[in-house]
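# Chain and residue survey
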Amino acid sequence: MLMPKRVKWRKTHLPSIKGVATRGNFVAFGDYGIQAVGRGYLSAQTIESARVTMVRALKKGSKIWIRVFPHHPWTKKPLEVRMGGGKGDPEKWIAHIKPGKVLFEFSGVDEETAKEIARLVGYKIPFEVRLIKRDEEMGV
């Protein structure tokens, strides 16, 4: 499971997901990328399930790059606890995603297989994604 080794603060405010991604919005390493069209938060479990889906769909000789990392803690208070008493304990780690951010990249497959992989990974992600090729940016 992805999580930071060390953090300066145990509990933080949630990061803003307003606007569009200005960094990480193009394919830098592979031939194809899976790009966010919607916005939201991705948990470490969601990133891992999407990675497993990609690995199962890809053949040997293919390579995967994960371009997102869950840096922020998601806190939650226990069930049936009265109001007050401060902020809850960290429950999971999340990455904040803005439209245009490339989530995953891969290479070593043809375009039909890449479309199928993007469709399968799209089922795991809680917002809309699309497949992009190298040298293609999101025109938002």
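Described in the following lines is the structure provided in the data block. This one's a predicted model, so the numbers in the text were calculated from it and none came from an experiment.

## Here we look at the pattern of salt bridges
Within the structure shown, the criterion is met by five salt bridges. Taking the shortest distance from any N to any O, the salt bridge between aspartate 89 and arginine 10 comes out at 3.2 Å. Of this pair, aspartate 89 sits in strand 5 (residues 89-97) while arginine 10 sits in the segment before strand 1 (32-36), and the two are 79 residues apart along the sequence. For lysine 133, the salt bridge goes to glutamate 111, with nearest N and O atoms at 3.3 Å. Within this pair, whereas lysine 133 is found in strand 7 (residues 129-133), its partner glutamate 111 is found in helix 2 (residues 111-124), the two being separated by 22 residues in sequence.

## Section: the side chain of serine 43
Its location among the elements puts serine 43 in strand 2 (residues 40-43). Of note is the side chain of serine 43, whose polar atom sits 2.9 Å from the side chain of threonine 46. With residues near it in sequence (within four places) discarded, serine 43 still touches Lys92, Trp93 and Ile94.

What counts, and where the lines are drawn
- Residues numbered from 1 in each chain as written.
- Predicted model: local features only at pLDDT ≥ 70, side-chain atom pairs only at ≥ 80, totals over all residues.
- Heavy atoms only, no water.
- Salt bridge = Lys/Arg side-chain N within 4 Å of Asp/Glu carboxyl O.
- Helix = DSSP H or I, 4+ residues; strand = E, 2+ residues; numbered from the N terminus.
- Polar contact = N/O pair within 3.5 Å; in protein donor to acceptor, adjacent residues only side chain to side chain.
- Contact = heavy atoms within 4.5 Å.

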